Amino acid sequence: MKIGVSSVTIYPFDDWFEPPVSKDQHPAVVDALKYADESGIEDHEFFRIAASSSTALRIWVSQELVVTGPFSQALLRLAALLPNVHLRAMMMIVINGEHGRVVKQRAPGSHPWLLNQLRQSMGIEKADVQPLAETVEFLDALDEEVKSPISGLAATGIGNERLILPEYTAVKNCFAACWPNSEYVRFLDANIGEDMRHSEILADVAAALIAQGADSQEYYDAARRSVDSRVRYYDRLVHHASQGWQ
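Cut-offs used in this document
- Residues numbered from 1 in each chain as written.
- Predicted model: local features only at pLDDT ≥ 70, side-chain atom pairs only at ≥ 80, totals over all residues.
- Heavy atoms only, no water.
- Helix = DSSP H or I, 4+ residues; strand = E, 2+ residues; numbered from the N terminus.
- Buried < 20%, exposed > 50% of the residue type's maximum accessible area, 1.4 Å probe, protein only.
- Expected span 1.5 Å × (residues − 1).
- Polar contact = N/O pair within 3.5 Å; in protein donor to acceptor, adjacent residues only side chain to side chain.
- Axes fitted to C-alpha atoms, helices over the stretch in contact; angles between N-to-C directions.
- Parallel < 35°, antiparallel > 145°, perpendicular 65-115°, else oblique.
- Left-handed = near helix turned anticlockwise from the far one by under 90°.
- Contact = heavy atoms within 4.5 Å.
- Nonpolar A, V, L, I, M, F, W, Y, C, P; charged D, E, K, R; others polar.
- pLDDT = per-residue confidence, 0-100.
- Salt bridge = Lys/Arg side-chain N within 4 Å of Asp/Glu carboxyl O.
- Lys, Arg positive; Asp, Glu negative; His and termini not counted.

Moving on: unusual backbone geometry. Phi is positive for Lys104, which is not a glycine, with a value near 55°. Relative to the helices and strands, Lys104 resides in the loop between helix H5 (85-99) and helix H6 (111-122). Residue class for Lys104 comes out exposed when judged on its relative accessible area of 77%.

The next point concerns helix H10 (residues 216-243). Taking 1.5 Å per residue, 28 residues should reach 40 Å; H10 reaches 42 Å between its end C-alpha atoms and fits that length. Where H10 begins, the capping side chain belongs to Asp215, and its oxygen is found 2.9 Å from the backbone nitrogen of Gln217.

Another aspect to go through is the packing of helix H4 (residues 54-80) against helix H8 (residues 149-178). H8 packs onto H4 with a crossing angle of 155° between their chain directions and a minimal axis gap of 12 Å. Regarding the angle of H4 to H8, the classification is roughly antiparallel. In the crossing of H4 with H8, the sense of the turn from one axis to the other is left-handed. Of the residues in H8, those in contact with Ser54, Leu57, Trp60, Val61, Glu64, Phe71, Leu75 and Leu78 of H4 are Pro149, Gly152, Leu153, Thr156, Asn160, Glu161, Glu167, Tyr168, Val171, Cys174, Phe175 and Cys178. Taken together, the residues that form the contact of H4 with H8 break down as 13 nonpolar, 4 polar and 3 charged.

What follows covers the confidence of the model for the chain. For the chain, per-residue confidence averages 94 on the pLDDT scale, and 94% of positions sit at 70 or higher. Model confidence for the chain, summarised as mean pLDDT per element, is weakest for helix H1 (residues 13-17) at 92 and strongest for H6 at 98.

Quick look at the pattern of salt bridges now. This model, assessed by the stated rule, comprises 10 salt bridges. Residue Arg230 pairs with Glu167 through a salt bridge whose shortest N-O separation is 2.5 Å. With a gap of 63 residues between them, Arg230 in helix H10 and Glu167 in helix H8 connect regions that are remote in the sequence. Of the two residues, Arg230 and Glu167, neither departs from the other in class, the shared state being buried. It is possible to trace a salt-bridge network through shared partners that takes in Glu64, Glu167 and Arg230.

A separate point is the side chain of His44. In this structure, His44 sits in the loop between helix H2 (27-37) and helix H3 (45-50). Taking the relative accessible area as the measure of exposure, His44 reaches 12% and is therefore buried. Of the polar contacts made by the side chain of His44, one reaches the backbone nitrogen of Phe46; its length is 3.0 Å. Other than its neighbours up to four places away in sequence, His44 contacts Val231, Tyr234, Asp235 and Val238.

Let us now look at the side chain of Glu161. You can see Glu161 is positioned in helix H8. Notably, Glu161 is buried but unbridged: the nearest opposite-charge side chain belongs to Arg230, and the N-O separation is 10 Å.

The next point concerns the environment of Ala127. Within the secondary structure, Ala127 is located in the loop between H6 and helix H7 (133-145). Overall, Ala127 belongs to the exposed group, its relative accessible area being 60%. Residues Ala127 and Lys172, spaced 45 residues apart in sequence, show a C-alpha to C-alpha distance of 25 Å.

Below, the discussion takes up the packing of H8 against H10. Between two packed helices, the angle of one axis relative to the other and the distance separating the axes together describe the packing. Across the interface, H8 lies against H10 with an axial gap of 8 Å and an inter-helix angle of 45°. The pairing of H8 with H10 is recorded here as oblique in orientation. Along this stretch, H8 crosses H10, giving a crossing that reads as right-handed. Note on element contacts: H10 touches H8 through Glu218, Tyr219, Ala222, Ala223, Ser226, Val227, Arg230 and Tyr234, opposite Ile150, Ser151, Leu153, Ala154, Ala155, Ile158, Gly159, Leu163 and Glu167. Of the residues assigned to the contact of H8 with H10, the class counts are 11 nonpolar, 3 polar and 3 charged.

Spelled out as structure tokens, the structure:
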């Protein structure tokens, strides 16, 4: 048995090579995008606190540092689950956007590295970057969703990338008000500028899989779970932001 090819089934040629049929987005995809857009995450209590709390911003950066690596890996794992070359190539646009170009064995424009530069500008020590329980819970939920291509596309594309525009815009306003001399602009703008397009690409991949027979209800349900997971994450961060970094 070779990787990705079963010796007991007829070889599914079209699964590997047939270009996806261009169609309008499936209603489940449209509804999932709407659910994220109407989540109101940008109005979360955490951002009200962070607008005047350097402690809240330090907590936020420390936990985003914990999330950023596993999220990038989740995209790679998800791409590996897709046999179709065209859909994998679409995923690679998102993956390359997250990682950027390599210059002398470094990825200076990658989202994780830009976040690390923000950490340095804020004086957050490496030892202070430790996952909180809510962060572990959020990542565990993402890990579970990415075990399936269609639910993984919902989790990464809807519950993460689609929420970036309102979420990171709110964070950007907090930094402008509370910590304007930190190196927040490049990291946040890189995400805000790219991730809406990334969410659209991931939605197109999901629509193609649904057209090929993937379960549209599974996609929508995973999208809702992932958006709700992110909101719960912020619900729990409010305690730390209010009480101090404990």
